[in-house]
Amino acid sequence: MKKITELTAELAAPAIAEAGCTLWDVEYVKEAGTWYLRVLLDKEGGVDILDCESVSRKLSDLLDEADPIEGSYTLEVGSAGAERALKRPGDFARFMGSPVLVKLYRSLDGRKEFAGTLDGYDEATGDITITVGKETFTFAKKDVALTRLRVEF
């Protein structure tokens, strides 16, 4: 049986393509006692509210028809955002050389967050390499809680 996120991605694909967007991620998470099904979109030039509305309306009808989720949940369709999380190898490859923030599970040298430039990603191990100022850090996949893009002003 397919995961809810995989089935949602398949159901949403035509509506997302019709809106001129691409699928960034699908999350099915429980927060404060409520289940959320989040569909995050990406688009050259940015995702706008009309893109989200179009995909949301079509996907909502498809989910009602397929009924893959027992119980209630909230459907959210939105932009992946400028400070999106990087999860898949392709995400790291696409944003190589970009400013990122790496958050660790445990502190290293008294800190858990490192803001720098993404310099490397090892697909075999999942290790991430960033440069912070003149220092280079390589973090093992097991130590990294989150890697996301960082907007600099």
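Residues numbered from 1 in each chain as written. Predicted model: local features only at pLDDT ≥ 70, side-chain atom pairs only at ≥ 80, totals over all residues. Heavy atoms only, no water.

**A few points about the sheet that holds strand β8 (residues 144-149)**
Line of reasoning, step 1. An order of β7-β6-β5-β4-β8 is seen for the 5 strands of this open sheet, with the pairing classed as antiparallel. Looking at the sheet topology across the chains shown, the edges are occupied by β7 (135-139) and β8. Averaged over all pairs of adjacent strands, the angle between strand axes in this sheet comes to 40 degrees, irrespective of strand direction. (Pairing = 2+ DSSP bridges. Helix = DSSP H or I, 4+ residues; strand = E, 2+ residues; numbered from the N terminus. Axes fitted to C-alpha atoms, helices over the stretch in contact; angles between N-to-C directions.)

**A closer look at helix α2 (residues 49-66)**
In an α-helix there are 3.6 residues to a turn, and that puts residues three or four apart on one side.
Line of reasoning, step 1. Taking 1.5 Å of rise per residue, 18 residues should cover 26 Å, and α2 covers 25 Å from first to last C-alpha, within 8% of that figure.
Line of reasoning, step 2. Of the positions making up α2, those classed as buried are Asp51, Cys52, Val55, Leu59 and Leu63. Here the buried residues of α2 occupy an arc of 80 degrees about the axis, which is enough to place them on one side. When the buried face of α2 is taken as reference, the exposed residues oriented beyond 90 degrees from it are Ile49, Leu50, Arg57, Asp61, Asp64 and Glu65.
Line of reasoning, step 3. Against the buried residues of α2 lie α1 (4-18), β2 (34-42) and β3 (74-79).
Line of reasoning, step 4. One side-chain oxygen of the residue at the start of α2 lies 3.0 Å from the amide nitrogen of Leu50, identifying that residue as Asp48.
Line of reasoning, step 5. Phi turns positive, to about 50 degrees, at Asp67, one or two residues after α2. (Expected span 1.5 Å × (residues − 1). Buried < 20%, exposed > 50% of the residue type's maximum accessible area, 1.4 Å probe, protein only. Arc of directions from axis to C-beta. Contact = heavy atoms within 4.5 Å. Polar contact = N/O pair within 3.5 Å; in protein donor to acceptor, adjacent residues only side chain to side chain.)

**Digging into the sheet that holds strand β1 (residues 22-31)**
Line of reasoning, step 1. Here 3 strands make up an open sheet; going across it, the order is β1-β2-β3 and the pairing mixed. Every interior strand has two partners, whereas the edge strands, β1 and β3, have only one. Ignoring which end each strand starts from, the neighbouring axes of this sheet average 20 degrees apart.
Line of reasoning, step 2. α1 rests against β1 and β2 of the sheet, and its axis sits at about 140 degrees to β1.
Line of reasoning, step 3. Relative to β3, α2 is tilted by about 150 degrees, and along the sheet it contacts β2 and β3.

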